[in-house]
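Understanding the architecture of this molecule
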Amino acid sequence: MSRGVWTRWCVRLEEAWNRHVRYPELYRQLDAMRADFQARTAWVDELTDEELEEMQRALTACIDAIQDSVSEAPERREGTP
């Protein structure tokens, strides 16, 4: 590893550490949100390939139906409810 690469790596590490020290509450909240997201989506990891394919087909059909209904809706003038 060249000296320049090592120096840049050290600077990046120092910047990351300073951000972590400077904003501890932000990082705590980020860690909590990350854990919450993983808990909410853990069930996806347990799905079989067939279940994932079925979900994808259903989602595609739902998106297509929404796009069709939007394209068929009459245009409204700006400012009208």
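So, here is what we can say about the structure in this document. Counting restarts for each chain: residues are numbered from 1 in the order of the written sequence. Local features in this predicted model are restricted to residues of pLDDT 70 or higher, and side-chain atom pairs are both shown and tallied only at a pLDDT of 80 or more, whereas totals for entire chains, interfaces and linings draw on every residue. Side-chain calculation: all heavy atoms of the structure are included, whereas hydrogens and water are not.

To qualify as a helix, a DSSP run of H or I must reach at least 4 residues; to qualify as a strand, a run of E must reach at least 2; elements of each kind are numbered from the N terminus. Helix and strand counts for the protein stand at three helices and zero strands. The linear arrangement of helices and strands in the protein, starting from the amino end, is α-α-α. Relative to its 81 residues, the protein shows a buried fraction of 0%. Under the scheme applied here, a residue whose accessible area is under 20% of the maximum for its type counts as buried, over 50% as exposed, and between as partly exposed, the area being computed with a 1.4 Å probe on protein chains only.

Here the term patch refers to residues with relative accessible area over 30% and no salt bridge, with like charges joined within 9 Å and nonpolar side chains (Val, Leu, Ile, Met, Phe, Trp, Tyr) within 5 Å. Areas reported here follow the Shrake-Rupley algorithm with a probe of radius 1.4 Å; residue values treat only the protein chains shown as occluding. The term salt bridge refers to a pairing of a side-chain nitrogen on Lys or Arg with a carboxyl oxygen on Asp or Glu at a separation within 4 Å. Residues scored as positive are Lys and Arg, those scored as negative are Asp and Glu, and His as well as the terminal groups of each chain are ignored. Here the site of a charge means atom NZ of a Lys, CZ of an Arg, CG of an Asp or CD of a Glu. Together, Asp-49, Glu-50, Glu-51, Glu-53 and Glu-54 give the surface a local cluster of negative charge. Among the secondary structure elements, Glu-51 is positioned in helix 3 (residues 49-72). A residue is classified by how much of its surface remains accessible, and Glu-51, at 36% relative accessible area, is partly exposed.

Our next topic: the pattern of salt bridges. Summed over the entire model, instances satisfying the criterion amount to three salt bridges. As a salt-bridge pair, Arg-34 and Asp-31 come within 3.2 Å of each other at their nearest N and O atoms. Of this pair, Arg-34 and Asp-31 both sit in helix 2 (residues 24-45), three residues apart, which is roughly one turn of the helix. Residue Arg-40 pairs with Asp-36 through a salt bridge whose shortest N-O separation is 3.1 Å. In this pair, Arg-40 and Asp-36 are both assigned in helix 2, four residues apart and thus about one turn of the helix distant. Residue classification places Arg-40 among the exposed positions, given a relative accessible area of 59%.

Here we come to the packing of aromatic side chains. In this analysis, rings of Phe, Tyr and Trp, with Trp reduced to its six-membered ring, are considered paired at centre separations within 6.5 Å, and the interplanar angle assigns stacked below 30 degrees, edge-to-face beyond 60, and tilted for intermediate values. For the structure on display, the rule yields one aromatic pair. Judged by centre distance (5.4 Å) and plane angle (25 degrees), the rings of Trp-6 and Trp-9 are stacked. Placement of both Trp-6 and Trp-9 in helix 1 (residues 3-22) is noted, with a separation of three residues, approximately one turn of the helix.

With that out of the way, let us pick up a nonpolar patch on the surface. There is a patch of nonpolar side chains on the surface, built from Trp-43, Val-44, Leu-52 and Met-55 and spanning about 340 Å² of accessible area. Checked against the element boundaries, Leu-52 lands in helix 3. Using a relative accessible area of 35% as the deciding quantity, one classes Leu-52 as partly exposed.

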